Amino acid sequence: MNRPRLATNLNLAAGVAALGLFAVMALVFVGAEFTDPNGFASGASIMEGIGYALFDLTGQFDVRPGEGIPSTESFLLAFELIDVVLVAALVGSIMLARRESDDSLRKTLTDGGRDEE
Amino acid sequence: MIPTQWYLLLSAGVFCIGLFGILTRKNALIFLMSVELMLNAANINLVAFSQQWGNLNGQVFALFTMALAAAEVAVGLGIILVLYRNFEDIDVTSPTTMRW
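Residues numbered from 1 in each chain as written. Chains lettered and ligands numbered in written order. Predicted model: local features only at pLDDT ≥ 70, side-chain atom pairs only at ≥ 80, totals over all residues.

A count of helices and strands for chain A gives 4 helices and 0 strands. Reading chain A from its N end, one meets helices and strands in the order α-α-α-α. Within chain A, the proportion of its 117 residues that are buried is 12%. If you take every contact in chain A between residues at least 6 apart in sequence, the share linking residues at least 24 apart comes to 27%. (Helix = DSSP H or I, 4+ residues; strand = E, 2+ residues; numbered from the N terminus. Buried ≥ 20, exposed ≤ 12 C-beta atoms within 10 Å, placed from the backbone. Contact = placed C-beta atoms within 7 Å.)

Here you go:
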């Protein structure tokens, strides 16, 4: 039967570096001084604000902190760019995963140039 | 309201768990999951500072980071599939010819 097992082949010496980094960061963060969080107004609509920011609609509404919609900027260009990046990543992963009958070129590209066996 | 320092501490913890996974394991799938943890630590920071300044930009940034993480996982899974096809294993130390 296949079941999850505790990993015993860990490289724990390298893991100590992660623990050390956490210790340093914890020291810095706990000692950091911040003003009290401004937060959002109790009736503020966060989701609406995010939607308006993503579609560049902030200019069409009266957007002021504490008056319904928290302040944001326009992210329409970033939204479109991330759309292109996502489509490119999906197409790329499908290209990588596709199995072809004659895949000599793809194999050369993806096997690190190992010699054919 | 919870002070921002505690969010930073939580984020540092999540980030270091991800780093621990990357440094100690060799399985490519666990690598991907650890990278996700590190990206989500950054998201916690973005949302925490969004609340600190009362500005929504941080939350929108976090959304974009999630989209980028999805793209990264799509490509990562494709690479792991090819890795398995060529090496019959997903140990990240086995492909050595592309190291430099």
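Now that the structure is up, let's keep going.
Attention now moves to the overall build of chain B. Scanning chain B from terminus to terminus reveals 3 helices and 0 strands. In chain B, the succession of helices and strands from N to C terminus is α-α-α. For 100 residues, the compact-globule formula gives about 13 Å, and the C-alpha radius of gyration of chain B, at 17 Å, lies well above that figure. A principal-axis box enclosing the C-alpha atoms of chain B has dimensions of 50 × 25 × 20 Å. Considering chain B as a whole, with its 100 residues, one finds that 27% of them fall into the buried category. A sequence separation of at least 24 residues applies to 47% of the contacts in chain B between residues at least 6 apart. (Rg over C-alpha atoms; globule rule 2.2 N^0.38 Å.)

Where helix H2 (residues 46–54) of chain A is concerned, the buried positions are Gly49(A), Ile50(A), Tyr52(A) and Ala53(A). The buried residues of H2(A) all sit within an arc of 165° when viewed along its axis, so they share a single face. In this structure, the buried residues of H2(A) make contact with helix H3 (57–87) of chain B. Looking at the residues trailing H2(A), positive phi occurs at Asp56(A), about 60°. (Arc of directions from axis to C-beta.)

Facing 40 residues of chain B, the contacting portion of chain A comprises 46 residues. When contributions to the side of chain B that touches chain A are tallied by element, the ones reaching two or more residues are helix H1 (4–24), helix H2 (28–53) and H3 of chain B. In terms of residue count, the dominant contributor to the side of chain B that touches chain A is H3(B) (17 residues). Split by residue class, the side of chain B that touches chain A holds 26 nonpolar, 13 polar and 1 charged. (Nonpolar A, V, L, I, M, F, W, Y, C, P; charged D, E, K, R; others polar.)

Below, the discussion takes up the environment of Tyr84(B). By the secondary structure assignment, Tyr84(B) is in helix H3. Non-local contacts of Tyr84(B), meaning those with residues more than four positions away in its chain, are made with Asp89(B) and Ile90(B).

What follows is about the confidence of the model for chain B. Mean pLDDT over chain B stands at 92; residues scoring 70 or higher make up 97%. Reported confidence for the predicted complex is 0.85 by ipTM and 0.82 by pTM. (pLDDT = per-residue confidence, 0-100.)

Let us look at the confidence of the model for chain A. Per-residue pLDDT for chain A has a mean of 80; in total, 75% of the residues score no lower than 70. No element of chain A has a lower mean pLDDT than helix H4 (residues 104–110) of chain A, which averages 59, and none a higher one than helix H1 (residues 12–31) of chain A, which averages 93.

On to H2(B). All names here are of chain B. Taking 1.5 Å per residue as the helical rise, H2 with its 26 residues ought to reach 38 Å, and the 38 Å between its terminal C-alpha atoms agrees with that figure. Considering only its buried residues, H2 is in contact with H1 and H3. Immediately beyond the C-terminal end of H2, within one or two residues, lies Gly54, with a positive phi of roughly 65°. (Expected span 1.5 Å × (residues − 1).)

We now examine the nonpolar core. Ranked by size, the top nonpolar core spans 8 residues in total: Leu8(B), Ala12(B), Phe15(B), Cys16(B), Leu19(B), Phe20(B), Ala41(B) and Ala48(B). At 6 residues, H1(B) tops the list of elements feeding residues into this core. If you look at the next biggest cluster of nonpolar residues, it comprises 7 residues, including Tyr52(A), Ala53(A), Ile69(A) and Val60(B). (Core = buried A, V, L, I, M, F, W, Y, C linked by C-beta atoms within 7 Å.)

On to the packing of H1(B) against H2(B). Residues and elements named next belong to chain B. One can describe the packing of H1 onto H2 by two numbers: an axis separation of 7 Å at closest approach and a directional angle of 170°. With respect to each other, H1 and H2 are oriented roughly antiparallel. Taken together, the residues that form the contact of H1 with H2 break down as 18 nonpolar, 8 polar and no charged. (Axes fitted to C-alpha atoms, helices over the stretch in contact; angles between N-to-C directions. Parallel < 35°, antiparallel > 145°, perpendicular 65-115°, else oblique.)

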